[in-house]
Amino acid sequence: MVKNKKISVRGIEVITFRNNERDFISLTDIARYKNAQEPKEIVKNWIRTRSAIEFLGLWEKINNPHFKGVEFDTFKNEAGSNTFVLSPQKWIEATGAVGIVSRSGRYGGGTYAHKDIAFEFASWISAEFKLFLIIEFQRLKEEENKRLALGWDIKRTLAKVNYRIHTDAIKSHLIPPYISKSASNIVYANEADVLNMALFGTTAK
């Protein structure tokens, strides 16, 4: 399950989430800095510009092996004309883009983009807003890293505390008195990995 998180940027709540090891930020929320009533129109106005299409296309070529370059070239050639219109949904469907996603729902719905793209969009909105967005986003990631580090330290402490209890139990109940030292070491190692898997999700190796 993808969990939304919020950061406050210049009085505007901006939703962010992580999916498949990638961070996404709400373009819809960023657009509220420019137009609180019609943020969707601001996103559409940006995505139809030639500079935006070129940036999006380059990002997808680098990060998305399934990106449809032919459709991208069509959009790039049409950009700038008075009749050219483009929405995030049309961009995603036509090119197979992964850098922009559209989410439905009353809460958390809207257009999201990978942080690289979101920062580029924020530059188009306001250089000042982009700077504060980066600051708040970095603060969020630092807090997440601190919590992860704290959780890891707690698990290590628990492992140390329980290791002696665990090994004593192995000696008393699992290792027959007549097996060799090398054989008993194997039993210890196997059982120790049970503890490692329970606490860390991985073996000692």
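Scroll up to find the structure.
Because the structure is predicted, anything quoted here is derived from the model rather than measured.

What counts, and at which threshold
- Residues numbered from 1 in each chain as written.
- Predicted model: local features only at pLDDT ≥ 70, side-chain atom pairs only at ≥ 80, totals over all residues.
- Heavy atoms only, no water.
- 1 Å grid on protein atoms, 1.4 Å probe; cavity = no way out; pocket = protein on both sides within 12 Å on 5 of 7 lines; lining within 4 Å.
- Points joined across faces, edges and corners; volume = space filled by probe spheres on them.
- Helix = DSSP H or I, 4+ residues; strand = E, 2+ residues; numbered from the N terminus.
- Nonpolar A, V, L, I, M, F, W, Y, C, P; charged D, E, K, R; others polar.
- Pairing = 2+ DSSP bridges.
- Axes fitted to C-alpha atoms, helices over the stretch in contact; angles between N-to-C directions.
- Contact = heavy atoms within 4.5 Å.

Engineer: Tell me about the layout of surface pockets, and please be specific about residues and values.
Structural biologist: The calculated volume of the largest pocket comes to roughly 160 Å³. Contributing to the lining of the largest pocket are 13 residues, with Thr 28, Lys 40, Gln 89, Gly 110 and Thr 111 lying nearest its centre. Of all the secondary-structure elements, those providing two or more residues to the lining of the largest pocket are α2 (39-47), α5 (88-95) and β5 (110-114). The element contributing the most residues to the lining of the largest pocket is α2, with four residues. Within the lining of the largest pocket, the residues separate by chemical class into three nonpolar, six polar and four charged.

Engineer: How would you summarise the sheet that holds strand β2 (residues 12-19) if you had to cite specific residues and measurements?
Structural biologist: Read across the open sheet, the five strands follow the order β1-β2-β3-β5-β4; overall the sheet is antiparallel. Of all strands in the sheet, those bounded by a partner on one side alone are β1 (5-9) and β4 (100-103). This sheet shows a mean twist of 30° between the axes of neighbouring strands, independent of strand direction. By the bridge criterion, four bridges tie β4 to β5 in an arrangement that is antiparallel. The residue bridging Ser 102 from the neighbouring strand is Thr 111, located in β5. Against the sheet, α5 engages β4 and β5, with an angle of about 120° to β4.

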